[in-house]
Each structure stands twice: as C-alpha cells, then as structure tokens.
Amino acid sequence: QVQLVESGGGLVQAGGSLRLSCVASGSIFSINAMAWYRQAPGKQRELVAGITGDGRTNYAEFAKGRFTISMNNAKNTAYLQMNSLKPEDTAVYYCNAMGPKYAYWGQGTQVTVSS
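Residues numbered from 1 in each chain as written. Predicted model: local features only at pLDDT ≥ 70, side-chain atom pairs only at ≥ 80, totals over all residues. Heavy atoms only, no water.

Quick word on the environment of Leu4
Tracing the chain through its elements places Leu4 in strand E1 (residues 2-7). Put simply, Leu4 and Val23 are 19 residues apart on the chain and 5.6 Å apart in space, counted from C-alpha to C-alpha. Residues contacting Leu4, with those up to four places away along its chain left out, are Cys22, Val23, Ala24, Met34, Cys95, Asn96, Ala97, Tyr104, Trp105, Gly106 and Gln107. (Helix = DSSP H or I, 4+ residues; strand = E, 2+ residues; numbered from the N terminus. Contact = heavy atoms within 4.5 Å.)

Pasting the structure below:
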C-alpha cells in the first residue's frame, strides 16, 4: 500500500505561482511513476504532468511552458511548480502514484486562481 499526501494548494491571483508537494509513504519501493491530475467542477479528471522513476516527464498541452514536475532523490516526493497561473487552472489537484499492479491517489488539494 502507498499513501499520498498533497499540500501547497491555495488561493492565488492570475499570473502568480504555486508549488504543490506530494509525499508518498508505505511501499514506496513499488512506485514506478508519479503524476499530477486535476479536476475542475463539472469536468473530468485530467492529466497535468507525469514523471517516471528515471526522470522522464510528460505534460498536458496546457501545462507546457508553465508547469514543471519533479521528484526528489529518494523518489518519495513529487512536486508541481505552477507559474503564470490562469483562472482556468482552478481545480482540485490530485497526486497519483503508479505501481506494477495498482494506482494510488491522494486526497487532493484545492487550487483557486482569481482573475
């Protein structure tokens, strides 16, 4: 089992920045990759960015150039640096960890961008 705890969300004005953190505990040796997803009210959950254990990253089109995903050396914490935030980035952001058999989710952290 893997437990994920997100932090770093909050209220920010358009153009501002936030850094989200996701700390994994438990069977972290089983994690192959981590990712950030988001879900806005009335919309489906969507991928924001992902990172593999060897550092390969991928981003949604809306995140390219503004968001950066990273992972610490211990491979138990993932970060999402979000710059140039827009009101349409308002959503609950969820951390995801992928193991060989299961996917794990955090409880989510709210990001609200005011115009």
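More follows now that the structure is in view.
Some points on the pattern of salt bridges
Taken as a whole and judged by the stated rule, the model has 5 salt bridges. Of the charged contacts, one joins Asp89 and Arg38 as a salt bridge, the two residues approaching to 2.9 Å between their closest N and O atoms. With Asp89 in the loop between strand E8 (77-82) and strand E9 (91-98) and Arg38 in strand E4 (residues 33-39), the pair connects residues that are 51 residues apart, well separated along the chain. Each of the two residues, Asp89 as well as Arg38, counts as buried. Two residues, Lys64 and Glu61, come together in a salt bridge whose shortest N-O distance is 2.7 Å. Taken together, the salt bridges that share partners define one network made up of Arg38, Glu46, Arg66 and Asp89. (Salt bridge = Lys/Arg side-chain N within 4 Å of Asp/Glu carboxyl O. Buried < 20%, exposed > 50% of the residue type's maximum accessible area, 1.4 Å probe, protein only.)

With respect to unusual backbone geometry
Even without being a glycine, Ser84 presents a positive backbone phi close to 50°. Relative accessible area serves as the criterion here: at 41%, Ser84 is assigned to the partly exposed category.

Points about the sheet that holds strand E3 (residues 18-26)
With antiparallel pairing, the 4 strands of this open sheet are ordered in space as E1-E3-E8-E7. A strand with exactly one partner marks an edge of an open sheet, and here the two such strands are E1 and strand E7 (67-71). Between one strand axis and the next, the sheet turns through 15° on average, direction left out of account. Here E3 runs beside E8; their pairing, made up of 6 bridges, is antiparallel. What sits directly across from Cys22, in E8, is Ala78. (Pairing = 2+ DSSP bridges. Axes fitted to C-alpha atoms, helices over the stretch in contact; angles between N-to-C directions.)

Some details on the state of the cysteines
Here the structure, examined in full by the defined rule, presents 1 disulfide. At a sulfur-sulfur separation of 2.0 Å, the disulfide partner of Cys22 is Cys95. Of note, the bridge from Cys22 to Cys95 carries an S-S torsion of about -80° and is left-handed in sense. Taken together, the residues span a long stretch of sequence, with Cys22 in strand E3 and Cys95 in strand E9 at a distance of 73 residues. Here Cys22 and Cys95 have matching classes, each one buried. (Disulfide = S-S within 2.5 Å.)

Some details on the side chain of Arg66
Position of Arg66 relative to the elements: it lies in the loop between strand E6 (57-59) and E7. A polar contact is formed between the side chain of Arg66 and the backbone oxygen of Ser84, at a distance of 3.0 Å. What Arg66 contacts, discounting residues up to four positions off in sequence, is Gln81, Met82, Asn83, Ser84, Leu85, Lys86 and Asp89. (Polar contact = N/O pair within 3.5 Å; in protein donor to acceptor, adjacent residues only side chain to side chain.)

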